Amino acid sequence: MKALHFGAGNIGRGFIGKLLADAGIELVFADVNQVVLDALNARHEYPVHVVGEQAKVEIVTGVSAVNSTSDDIVTLIAEVDIVTTAVGPQILERIAGGVAKGLAKRSDSGNVRPLNIIACENMVRGTSQLKQHVLNALPEQYHAWVEAHVGFVDSAVDRIVPPSEAGTTDPLEVTVETFSEWIVDKTQFKGELPNIPGMELTDNLMAFVERKLFTLNTGHAITAYLGQLAGHATIRDAILDEKVRAVVQGAMQESGAVLIKRYGFEADKHAAYIQKILSRFENPYLKDDVERVGRQPLRKLSAGDRLIKPTLGTLEYQLPHDNLVQGIAAAMHYRSEADPQAQELVALLAEKGPQATLAEISGLDADSEVVTSVVSAYNAMA
Ligand SMILES: NC(=O)c1ccc[n+]([C@@H]2O[C@H](COP(=O)([O-])OP(=O)(O)OC[C@H]3O[C@@H](n4cnc5c(N)ncnc54)[C@H](O)[C@@H]3O)[C@@H](O)[C@H]2O)c1
Ligand SMILES: O=P(O)(O)OC[C@@H](O)[C@@H](O)[C@H](O)[C@H](O)CO
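Since we're looking at a predicted model, the values are computed, not measured. (Residues numbered from 1 in each chain as written. Chains lettered and ligands numbered in written order. Predicted model: local features only at pLDDT ≥ 70, side-chain atom pairs only at ≥ 80, totals over all residues. Heavy atoms only, no water.)

Student: Is there a simple way to think about empty space enclosed by the protein in this case?
Tutor: Gaps left between atoms show up when a probe the size of a water molecule is rolled over them. Evaluated as defined, the whole model comprises four cavities of 30 Å³ or more. Roughly 70 Å³ of volume is contained in the largest cavity. If you go around the largest cavity, the residues you meet are Ile160, His220, Thr234, Ile235, Arg236, Arg280, Phe281, Asn283, Leu286, Lys287 and Asp288. Elements represented by at least two residues in the lining of the largest cavity include exactly helix H8 (235-239) and helix H10 (267-281). For the lining of the largest cavity, the residue count by class is four nonpolar, three polar and four charged. Around the second largest cavity, the lining residues are Glu121, Asn122, Met123, Ser155, Ala156, Val157, Val209, Lys212 and Leu213. At the level of secondary structure, the elements contributing two or more residues to the lining of the second largest cavity comprise strand S9 (155-158) and helix H7 (205-229). For the lining of the second largest cavity, the class distribution of residues is five nonpolar, two polar and two charged. (1 Å grid on protein atoms, 1.4 Å probe; cavity = no way out; pocket = protein on both sides within 12 Å on 5 of 7 lines; lining within 4 Å. Points joined across faces, edges and corners; volume = space filled by probe spheres on them. Helix = DSSP H or I, 4+ residues; strand = E, 2+ residues; numbered from the N terminus. Nonpolar A, V, L, I, M, F, W, Y, C, P; charged D, E, K, R; others polar.)

Right under this line is the structure:
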């Protein structure tokens, strides 16, 4: 079996690529970072530091890499059995053109072996969105062939992988927590279901995607935003701050109440899931900066993402959302010189003020009660 994985970054090297390579699948990474590409092709292996009470270093072997903007992608997509991505939601549209060309070549060459494509991004049904971008880039004549031979499989992916410790000189080294979870929608595969240890199959993916994105990522983002406001540099320091922790836990519970209503989760199991997540945020072996977790605040404040979507759920079921409101207000205070979306947020706030800015980014009604509450919280935090 052969796989092409887009994105040799933290989750690509530290989780998805590792699982594929560990399963004995011949793995090629596609990326745009020349330093990483050169190192992968020079060494064909890299170390993964799995940190926890029993730390270990695992070596991923037998890997190579190609530039994601080269025609190598087209050739590879025509021949591999599985394509995965971990590039970031905003990059999916950029890789779609290469994927479309590869699918056309695969069809022209008469390769009818099933191909499955799995986007492993923090978004709801990311692979379905990638599929739409690919179809937009693919001549109509190939669409029926793609429907017949290519599975676009949605997934939920969970493992906290910050960038490697400052000070390492190895561009491939990656540090990961012990916990990991990769759940894929088994109803969307073409051909036989793959047997990849660490990949779980479900026919109820939406429940798992929303449980992960609207619990872990909701809490993570609020930890980052409130943490930065309180002067903390890392997620661990932020979550050990009792004031931050109370809001984070409260927001995960508010979001959880929506998930329990929507998906029928058992309340005590969901409460345990939240406690486990809080302990993962506290992990003393990981140094995860609030700037990584808070990155791209406009994406995180958009309608379908981890802050607004749970809040809309509380409105739908008439449930409390005071802590989510605090989290949204803190997100609007997020600042990062290195983050273009943080800069855009600052410009929008200066031009339009908090009420119109939030309405524009989130799609919420500017005159709604929830926007009024966020603006009051935002002003109080200032
Ligand atoms: N790091 C985590 O803890 C974690 C956990 C779960 C999910 N995710 C999700 O995984 C995705 C990647 O996150 P990450 O933390 O690994 O980010 P990252 O920045 O470490 O990795 C992204 C990689 O994509 C590469 N890339 C950019 N443009 C590309 C292109 N056109 N073609 C191919 N590669 C390209 C970058 O060079 C980089 O190596 C995001 O959607 C994120 O939400 C991350
Ligand atoms: O990757 P983002 O920017 O969507 O979110 C930042 C973190 O919350 C995220 O990367 C988590 O570490 C990850 O989702 C854990 O599974």
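From this point, things continue past the structure.
Student: I keep staring at the sheet that holds strand S12 (residues 199-202) and nothing clicks. Help me out?
Tutor: Sheet strands pair via backbone hydrogen bonds, and the direction of the pair is either parallel or antiparallel. Ordered by their spatial adjacency, three strands build an open sheet running S9-S11-S12, and the pairing between neighbours is mixed. If you trace the sheet from one side to the other, it starts and ends with S9 and S12, each paired once. For this sheet, the mean angle separating the axes of adjacent strands, direction not counted, is 20 degrees. (Pairing = 2+ DSSP bridges. Axes fitted to C-alpha atoms, helices over the stretch in contact; angles between N-to-C directions.)

Student: Please explain H7 as it appears in this structure.
Tutor: Note: α-helices contain 3.6 residues per turn, so residues at a spacing of three or four share the same orientation. Counted at 1.5 Å a residue, the expected span for H7 with its 25 residues is 36 Å, and the 35 Å between its end C-alpha atoms agrees. Its maximal kink placed at Asn217, H7 deviates by approximately 25 degrees. H7 sits mainly inside the fold: 21 of its 25 residues count as buried. Directly after H7, the chain includes Gly231, whose backbone phi takes a positive value near 90 degrees. (Expected span 1.5 Å × (residues − 1). Bend = angle between axes of the 7 residues up to and from the residue. Buried < 20%, exposed > 50% of the residue type's maximum accessible area, 1.4 Å probe, protein only.)

Student: Is there a simple way to explain the site of ligand 1 in this structure?
Tutor: In the vicinity of ligand 1 lie 24 residues, with Ile11, Asp31, Ser68, Glu121 and Val161 positioned nearest. Interatomic distance of 3.3 Å between a side-chain N/O atom of Arg292 and a nitrogen atom of ligand 1. When isolated, ligand 1 has an accessible area of 820 Å², and the protein chains bury 85% of it. Only helix H1 (10-22) and strand S2 (26-31) provide two or more residues apiece to the shell around ligand 1. (Near = heavy atom within 4 Å. Polar contact = N/O pair within 3.5 Å; in protein donor to acceptor, adjacent residues only side chain to side chain. Areas by Shrake-Rupley, 256 points an atom, 1.4 Å probe, with all protein chains shown as cover.)

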